[in-house]
Amino acid sequence: MSLLYETVLGKLGGGLTLHFKPKHKKVFISPFGILCEEAFDFVLGVKTDSGKAFLPLADKNEIFEHIEQEISLTSLKYKAKSTKLGVIFEVKFISPFYPEDTEVSISPFLYIDIAIEKIPYKYDDNKSICGNLIIDLENIKKTGMISKIRDKIYIKDMFYAKFKVNKNTGLMDLIEDKSKKINAEILLKNMDNFDINNIKFKIDKDHKFKTMFIFAVYCKDVIVVKDKKENFSLFYTNFFKNIDEVINYGIINEKHIMEKVDAFEYIINITSLSKTQKDFLAYTFHSYLINTCWLFNYETLKDIFTVIEGNCGYHSTVDVEYNVALFYLLFWPELLKKELELWYEYVKENWMLHDIGALFEIGTQIYPHNMEVEENCNLILLSYAYWKHTADSSLITKKYDLLKKLANFIVKCDKNKDGIPDEKTANTIDDASAAVQFSKEQIYLGLKTYSALKALSEIANFLKDNTFVKFIKKITKKIKSTIEKKAWLKDHYVVCLDKIAKNLIDVWSGKKINGILEGWDAYSIYTSNGLLYLLISNAEIDLNKEKIKLDILNSKKYNMTEYGCTHTSKDKSNIWISQNLWHDFVGMYFGLDFSDNIERYWQFELFENTQGRGGCFVDTYGWNHLHYYPRGVTSFGLYYGILGLKVDRIKKEIKLSPVKVPLKVPLVCFANWKEKKFPVVECYIRNKKLVIKFYNKELLDGYKIFIEG
């Protein structure tokens, strides 16, 4: 339990969003993520002879004196007390999710558990307290149609887009777009068949009052248009014909669904992670879900999966999903496969787009500048990671020629033939200094190029393309030599080799930059960024590991602030939480325990969502404000990093090198979700020796397990 802060609950695929803003005494409801939410008064409270008290989710003056808030992977709970009324009022919103169970995860409903009890006193007066549970729901704009019939509240309303693409900049404007409207239904129903307008309770020291509601939305409109011709609706409409079917599904299957919810919650509850770490993972997961977009075309019977980039509004931004994909590999690889298949459609002239559309349209890049080298590397590494973690070779076989073209494009961007790209090097770090964002011969992109080529070399070897394997070996050897001979400066790698800008173009202003780039020699948290997918996939990395480790340590030393590391030691403009997490995880594979840094990141999120700008998961501290952002779910990489987990389903190998003990973490990427079982690793010291114990080890049958370090 803790202080009140802004948070959100949603469902996979974009079907339902409840956005809680207690500071503003409002709940924002949307049938499609944050893109079209509307403010509602969600009245939740009690009335007795002594007075009234409500949660701060509606415009009411009689707020409970004491309110605590608690989150989990699937829930948000408010625990309120009124000493005047003598009651404790608990409301728990539960948003069902279960890996690889599409129906449970996308169904657009959630449960609302309510419990009322008497405040326990040392000297109880043995008297009962009688009163009424007050629950109501009303659109602030007083629009649409609303009916309240006994056990349910039904609302039919119009939701307008809250963002619009600025055609001049390619960025999103926070402007209500009346041209994009979505019709949706909302239904709140009591599952105990109580009359919502007259729910009475009687409590004493031995008896609580409990009841449950189900809350659902339904929208059958066309949501997204692909390539200006294919109309896509929300995927759940293929499972449920109307809102009544959604409600009936939730009620009839409550026990079965809650068993799965509990099993999913168990994967975090069983860990030895701290309360802060668990809260942070849950919080980032909530912001991720509201950005997911699972769609269905009724003419082609085709479904697609994409993720909207928070307030930026872009669909399946490659560099964002490059970080998010750690979650897919652990819990639901099929979602990554669907994104990969979608990305492959939009490779342009042998380079990958930054995004594949924005808001309600898919079909072309909207972001105002390209990131050819970076996104090509990202797409290769994501294809490789999917293959290594699933043993599904269908994509790499079918798209091998395309992946080779992406790699050849990267190689051709190295004009001076030292292995490090010096063209098409603008990258995703779009609030950073010129040296970080679009300098030539960046070490960040040099090592990412090395990683992408090493990954593709494994694929080429698997497909018996020996000629290409030899070609890649020659290039990676050159990259390694250049980095070791030219990039090392005393105790770290420099940001870029080409420190003098000659007609370098600022991709935002279009102006030329000349002179020495400030911060070219700084300590950077991005140097080793590209290595993580090789590390988690059991790849061989023939680099100077001691120098990389020292570079990581010193970048922490010189870049660290209260909430995490800045881009570099000389670029203090912003902090990206997701990139700090990524940097932490890479460091863990070099034996550095950075797991406690999550304490810093969680403090930042609490600050932003109580006193700051708000926005649920906020990825940036500084003038930039990336909010409602999906990339926080990178946090689940902790399940990899803290164990030093390496997974290779091709060689059937698992390697572990835990960075701390005692430790208990499930290997969720080997879960049998149908049976609700997953292997668990426990590490501890006994008689001065490391002991590693497995539970449900039969799920790892056929794999060789190695303990490293």
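Placed above this text is the structure.
Rules used in this analysis
Residues numbered from 1 in each chain as written. Predicted model: local features only at pLDDT ≥ 70, side-chain atom pairs only at ≥ 80, totals over all residues. Heavy atoms only, no water. Pairing = 2+ DSSP bridges. Helix = DSSP H or I, 4+ residues; strand = E, 2+ residues; numbered from the N terminus. Patch = residues over 30% accessible without salt bridge, like charges linked within 9 Å, V, L, I, M, F, W, Y side chains within 5 Å. Areas by Shrake-Rupley, 256 points an atom, 1.4 Å probe, with all protein chains shown as cover. Salt bridge = Lys/Arg side-chain N within 4 Å of Asp/Glu carboxyl O. Buried < 20%, exposed > 50% of the residue type's maximum accessible area, 1.4 Å probe, protein only. Polar contact = N/O pair within 3.5 Å; in protein donor to acceptor, adjacent residues only side chain to side chain. Contact = heavy atoms within 4.5 Å. Axes fitted to C-alpha atoms, helices over the stretch in contact; angles between N-to-C directions. Left-handed = near helix turned anticlockwise from the far one by under 90°. Nonpolar A, V, L, I, M, F, W, Y, C, P; charged D, E, K, R; others polar.

### Some details on the sheet that holds strand β25 (residues 361–362)
- In spatial order, the strands read β21-β20-β19-β18-β25-β24; together these 6 strands make up an open sheet with mixed pairing. Bordering the open sheet on either side are β21 (302–307) and β24 (357–358), each of which pairs with just one other strand.

### Points about a nonpolar patch on the surface
- A cluster of nonpolar residues, Val661, Ile685, Leu690 and Ile707, forms a patch on the protein surface that exposes about 320 Å² of accessible area.
- Take Ile707: it is sitting in strand β39 (residues 704–707).
- Classification of Ile707 as partly exposed rests on a relative accessible area of 42%.

### Points about the side chain of Ser107
- Of note, Ser107 is situated in the loop between α1 (102–106) and β9 (109–118).
- Polar side-chain contacts of Ser107 include one of 3.2 Å to the backbone oxygen of Glu103.
- From its side chain, Ser107 meets the backbone oxygen of Val104 in a polar contact 3.1 Å long.
- Apart from residues lying up to four places away in sequence, Ser107 is in contact with Lys11, Phe240 and Tyr249.

### Observations regarding the pattern of salt bridges
- Taken as a whole, this structure holds 32 salt bridges when the rule is applied.
- Between Arg613 and Glu608 there is a salt bridge, with its nearest N and O atoms 2.5 Å apart.
- Taken together, the shared-partner salt bridges in this structure form one network comprising Lys226, Asp227, Glu230, Lys302 and Glu345.

### Section: the pairing of strand β20 (residues 292–297)
- Of all 6 residues making up β20, 6 are buried, and the element is well covered by its neighbours.
- The two faces of β20 match: Thr292, Trp294 and Phe296 on one face and Cys293, Leu295 and Asn297 on the other face are all buried.
- Sheet topology note: the strand β19 (residues 230–234)/β20 ladder contains 2 bridges and is antiparallel. From the neighbouring strand, Ser233 faces β20, where its bridge partner is Phe296.
- Where β20 and β21 come together, 6 bridges link them in antiparallel fashion. From the neighbouring strand, Leu295 faces β21, where its bridge partner is Ile304.

### Observations regarding the packing of helix α7 (residues 372–390) against helix α9 (residues 400–412)
- It is at 9 Å that the axes of α7 and α9 come closest, and there the two elements cross at 145°. Handedness of the crossing formed by α7 with α9: left-handed. Here Glu372, Val373, Asn376, Cys377, Leu379, Ile380 and Ser383 of α7 lie close against α9, whose contacting residues are Leu403, Leu406, Ala407, Phe409 and Ile410.
- Tallied by class, residues from the contact of α7 with α9 come to 9 nonpolar, 2 polar and 1 charged.

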